Every structure is written in structure tokens, then in C-alpha cells.
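# Structural overview for review
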Amino acid sequence: MAFEGLSEKLSSAFKKLRSRGKLSEADVKDAMREVRLALLEADVNYKVAKDFTNMVVEAAVGAKVMESLTPAQMVIKIVNDQLVELMGGEAAPLAHANRPPCVILMCGLQGSGKTTHSGKLAKLLKSKGHRPLLVACDIYRPAAIDQLCVVGERAGVPVFQMGTENPVKIAKAAIDHAKHHGNDYVILDTAGRLHIDEQLMEELKNIRSTVEPAEILLVVDAMTGQDAVNVASSFNDALGITGVILTKLDGDTRGGAALSVRAVTGQPIKFAGMGEKLDDLEVFHPSRMASRILGMGDVMTLIEKAEQQIDEQQAEEMARKMAENKFDLNDLLEQFRQIQKMGDIKSLLGMIPGMGQQLKDVDIDPKQFARIEAIILSMTAAERAKPDIINPSRKRRIAAGCGQRVEDVNRLLKQFRSMQDLMKQMRRMGKKGGRGGFPNIPGMGGFSGMGGMMPPKGGRRR
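We now turn to the structure provided with this report. (Residues numbered from 1 in each chain as written. Predicted model: local features only at pLDDT ≥ 70, side-chain atom pairs only at ≥ 80, totals over all residues. Heavy atoms only, no water.)

### A closer look at the overall build of the chain
Of regular secondary structure, the chain possesses 21 helices and ten strands. Counting only residues that meet the buried cut, the chain has 49% of its 462 residues in that class. Summed over all atoms, the accessible surface of the chain reaches about 22,100 Å², with 49% contributed by carbon and sulfur. (Helix = DSSP H or I, 4+ residues; strand = E, 2+ residues; numbered from the N terminus. Buried < 20%, exposed > 50% of the residue type's maximum accessible area, 1.4 Å probe, protein only. Areas by Shrake-Rupley, 256 points an atom, 1.4 Å probe, with all protein chains shown as cover.)

### Re a nonpolar patch on the surface
Together, Leu37, Leu40 and Tyr46 line one region of the surface with nonpolar side chains, adding up to about 290 Å² of accessible area. Take tyrosine 46: it is sitting in helix H3 (residues 46–61). (Patch = residues over 30% accessible without salt bridge, like charges linked within 9 Å, V, L, I, M, F, W, Y side chains within 5 Å. Salt bridge = Lys/Arg side-chain N within 4 Å of Asp/Glu carboxyl O.)

### A look at the pattern of salt bridges
One pass over the full model with this rule turns up eleven salt bridges. For lysine 248, the salt bridge identified is with aspartate 221, shortest N-O distance 3.1 Å. Taken as a pair, lysine 248 in the loop between strand S6 (243–247) and helix H10 (256–265) and aspartate 221 in strand S5 (residues 215–221) lie far apart in primary sequence, 27 residues in all. Salt bridges here are not isolated pairs; linked through shared partners, they connect Glu383, Arg394 and Arg397.

### Some thoughts on helix H11 (residues 286–293)
For H11, the tally of buried residues reaches seven of eight residues, placing the bulk of the element in the interior. Taken together, the buried positions of H11 are occupied by Pro286, Arg288, Met289, Ala290, Ser291, Arg292 and Ile293.

### Thoughts on the sheet that holds strand S2 (residues 132–137)
If you trace the eight strands from one edge of the open sheet to the other, you get S3-S2-S4-S1-S5-S6-S7-S8, paired in mixed fashion. In this open sheet, the two edge strands, each paired with only one partner strand, are strand S3 (159–160) and strand S8 (281–283). Inspection of the sheet shows S5 paired to S6 by five bridges, in the parallel sense. Bridged to leucine 217 within S6 is glycine 243. Sheet strands touched by helix H6 (residues 144–155): S2, S3 and strand S4 (185–190). Its angle to S2, the strand with the most contacts, is close to 165 degrees. Relative to S2, helix H7 (residues 167–181) is tilted by about 165 degrees, and along the sheet it contacts strand S1 (102–107), S2, S3 and S4. (Pairing = 2+ DSSP bridges. Contact = heavy atoms within 4.5 Å. Axes fitted to C-alpha atoms, helices over the stretch in contact; angles between N-to-C directions.)

### Some remarks on the packing of H3 against helix H4 (residues 71–86)
For the pair H3 and H4, interaxial distance at closest approach is 10 Å and the crossing angle is 140 degrees. As far as their axial angle goes, H4 and H3 are oblique. Seen from above, H3 lies across H4 with right-handed handedness. Residues Val48, Phe52, Met55, Val56, Ala59 and Ala60 of H3 lie in contact with H4, whose contacting residues are Val75, Ile78, Val79, Gln82, Leu83 and Leu86. Each residue belonging to the contact of H3 with H4 can be placed in one class, and the counts come to eleven nonpolar, one polar and no charged. (Parallel < 35°, antiparallel > 145°, perpendicular 65-115°, else oblique. Left-handed = near helix turned anticlockwise from the far one by under 90°. Nonpolar A, V, L, I, M, F, W, Y, C, P; charged D, E, K, R; others polar.)

### Examining unusual backbone geometry
Here proline 100 and proline 101 are connected by a cis peptide whose omega angle stands at 5 degrees. Residue position: proline 101 is located in the loop between H4 and S1. Phi at alanine 143 takes a positive value of approximately 65 degrees, unusual for a residue other than glycine. Relative to the elements of secondary structure, alanine 143 occurs in the loop between S2 and H6. Even without being a glycine, glutamate 212 presents a positive backbone phi close to 50 degrees. Here glutamate 212 is to be found in the loop between helix H8 (198–211) and S5. Judged by its relative accessible area of 65%, glutamate 212 falls in the exposed class.

### Remarks on the environment of leucine 134
Locating leucine 134 in the fold gives a position in strand S2. Relative accessible area serves as the criterion here: at 0%, leucine 134 is assigned to the buried category. Sequence separation between leucine 134 and leucine 148 is 14 residues, and the spatial gap between their C-alpha atoms is 7.9 Å. Apart from residues no more than four positions distant in its own chain, leucine 134 is found in contact with Ser118, Gly119, Ala122, Leu148, Gly152, Val157, Pro158, Val159, Phe160 and Ile187.

### Considering the pairing of S5
Taken across its seven residues, S5 has seven buried, putting it largely inside the fold. Residues of S5 alternate between two faces, with Glu215, Leu217, Val219 and Asp221 on one and Ile216, Leu218 and Val220 on the opposite face, all of them buried. Here four bridges tie S1 to S5, and the two strands are oriented parallel to one another. Along S5, the bridge assignment pairs leucine 105 with isoleucine 216.

### Considerations on the nonpolar core
Counting residues in each nonpolar core, the largest one holds 76 residues, and the members touching the most others are Met32, Val79, Val135, Leu188, Phe235 and Leu259. In terms of residues, this core owes the most to one element, H4, which gives nine residues. Counting residues in each nonpolar core, the second largest holds 23 residues, with Leu134, Tyr185, Ile187 and Ile245 among its members. (Core = buried A, V, L, I, M, F, W, Y, C linked by side-chain atoms within 4.5 Å.)

### Here we look at the environment of valine 150
Checked against the element boundaries, valine 150 lands in helix H6. Exposure remark for valine 150: the relative accessible area of 45% places this residue in the partly exposed category. Distance in space between the C-alpha atoms of valine 150 and glycine 119 is 9.4 Å, their sequence separation being 31 residues.

### Topic: the pairing of S4
The buried fraction of S4 is high, at six of six residues. Here S4 shows a buried face lined by Tyr185, Ile187 and Asp189 and a second buried face lined by Val186, Leu188 and Thr190. In the sheet, S1 pairs with S4 via five bridges, with the strands oriented parallel. Bridge assignment links cysteine 102 to a residue of S4, and that residue is tyrosine 185. Direction of pairing for S2 relative to S4: parallel, over a ladder of six bridges. Among the inter-strand pairings, cysteine 137 is bridged to a residue of S4, identified as threonine 190.

Given below as C-alpha cells:
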């Protein structure tokens, strides 16, 4: 996951601060030296890293320690605030036109994910009640038009195309089409190149001057590190971009681009691509990203994902069963299926405060979901409803039926009982008004407990 290495190094630097009861200016500067090295290793722009740590030192040395915080916590708070500020402060909203349609020009280098993210943005807009139109303005790349048509069909969004006609004429005709068909957003998927060249920029400038887009969004591959910042800077100088879509933030990228793009270009990151599916596009919230970087989780994004993917009536029914201690293996299977819709399990668990560091050495095998599902589906309806009736002979039959070992069946049943015990503890804490339970995530019920059903035996230690 993005920022994993950075998060680990920052945690190490802050751990040294926590071990000291009182901080001196030298302690803060030593810690910030480590932070600066961590930022540079994460591929953050050198000037950005230097300015960032200087601002933290200046704020930390002169800050009064809050009554509720230790000196170390105060420094961490200042780092968090500066990270949020570095990435833009607040989420930057997408523009809207007083007189539709609102035109969005998507640009970027070839291979950055421009076409896919045009589809992702269209699907996101559609989910919010808009009527977007995708426009095929890339007439050069082989099969680019076909690719956009496929993406549009999967997103349930119409695609406007005129073959290999001049892209400027295509864009102009698409806007006329949108006006007559009630489309309130027009997303122009323009051509990219393997590198920035005058021909690419000239064509984009012509499209811009003809259709006057409300948004010029640059799609940047976060895996390219500092090159992403250079690309963003070049496009901004030539076109005047209004925002950035940063892709592949779910991968092993070091994350430096996210921390540098806004500081270098002055333009906000508006969206982040967090996976390969069309649903894997998030509004970029600087405060939430800062929280993830510092290992504090991201409960708000987790809640939003749950609300988008989980049926409210099913959620209420699941909550009732848990409250009445009637949660069985059928319910567990349903929860696994719902969680799979939300994305990568490790990323989701990492959004729960405190879980990030616990999971850093665990590589969760996504095939484990299929194995668990196979075991549960090999059981009879009675066995799924009442797992306690599963005796050794039943276990052998279940294992043979799903192609797994008896040990795998035993492990699942043992972990399910542990999960039930955890739910009982959470219920007791809830009744007492106690602290220390997992966050109340609508519809997620035993989601937090499911983390225990994966590593280390369900996953692989790296």
C-alpha cells in the first residue's frame, strides 16, 4: 500500500520522541532530520521535504504544550497539521457549470490510466445523480476508442465518438450532443504521448480554447515518483491545469508524488485511484491521507465505502443478529462477500486506527476468501446455522467436498468462535459505555473481527 514505508519510518522517529518526558530543541531537530530522510526516501521533492521539516521545527519549538497532550504528541499533531496543509488543506470539489454541460478535459501521458479514470470519474458522477457523457478524443492510439466504449459500457455511461475526425471538432460536436440529450457533464478523453511534446500540447491548447473546459484534470501515475511531479509541472505551465487525479495509490508506490504535486504546481489533487475496478476512485481528502500516513487509520473513508456497498436493510438485520447473538456462518459468508465488494482487505483493515502497524508484515492472500467460501458452502444449511453440531465425521465430509484439509475446516471454526467471543466483548463494552472497542462502522458489524480470520495462517508473513 502507498506510504507504507514512509509510515513505518515516521513511526520510528516519533517513537524516540515518546520515550522522552520533556523535549529539547535538539530532540525536535533530530527527529525532523529523520523525518526529512524518510520523506526523501519516499521520493518527495527535496525542496518540499526541506521546507516541510523547517516549518515543523519552527512550529514545534515555539508551541505551547496542550494540557491533554505530551510534548511528543504535540509534535505529531504539528506534523499532521503540516501534512494536511502540504496536500491542500481541504478536499477540492469538482467544478460545476451554471449552464450545463460542465466540460472536463482529461490529459496526461500515454499509459497513465487516462481512459480508465475517465470511466471511473463518469461512474462516480453517475452515482451522484449526474448524466455524464464520455467523449473519445484520442484518435491516435490503436483501439483507444474501443477501450473507451468498453469502459463506458461497464460504467453505464454513453460514449460519443466520431472515429478519426479532428479531436477539436469531436469535442465541439460532443458538447452540442450533450446539450440536446441532457448530459450535464462532458468528459473528454484526450490523446497522450510517451513523453511531453509540442504536438500534444498544441492539440490540447486548441481543444481548450475551443470548448473552454471548466476543469483540466491531469492524470498522473503515482508509481513514477518524482517524474510525476515533473509531468504535472510541465502540463500546468502549458495548459494551466485545475487539478490532478493520482493513480495507483493502492500499490507499492512510495507516495512522494502525493506530497509534492500540490506544493510544486499549486494545483490540488482532486481524486485518487485506489484500485483497478471502476468503483476504485476516491475524492482526495488531505486530512484523511495525512491520517493514513501517520498510521492513524481513516475511519471516515471506511464508513463511506461501507455505506456505498452495503445494503441498509441487510446491515440492520446483521446488527440485530449480532445483538441477539444469532450471527452464524451464513452471515459470515455474506459479510465476506460484501467486504470483497469494497476492495482490498488489507487496505480496508489498515483504515482502522492502530491496525496499520499490526498488518505491515502480513501479506494477505486474496484467494483465502475463496477457500473460506468453499468450506462454508460445503456445509449443510443446518451446519451453517449451528456450527457446534459439526463433529469429526462432518468435518471430513466438508473438507472432501471443498478440496481443503480437515485442518482448514478446524481453523475456520476456531476463528469463527474467536470472532463470536470478540463480538460479545464489544457488546459488553458498548453496554458499559467503555472504551477500546472498534469503531462503529455502519453495516460492518463483525468486520473488525474478521481481521483475525486472515493473518498469519490465512496470509503470508513477508
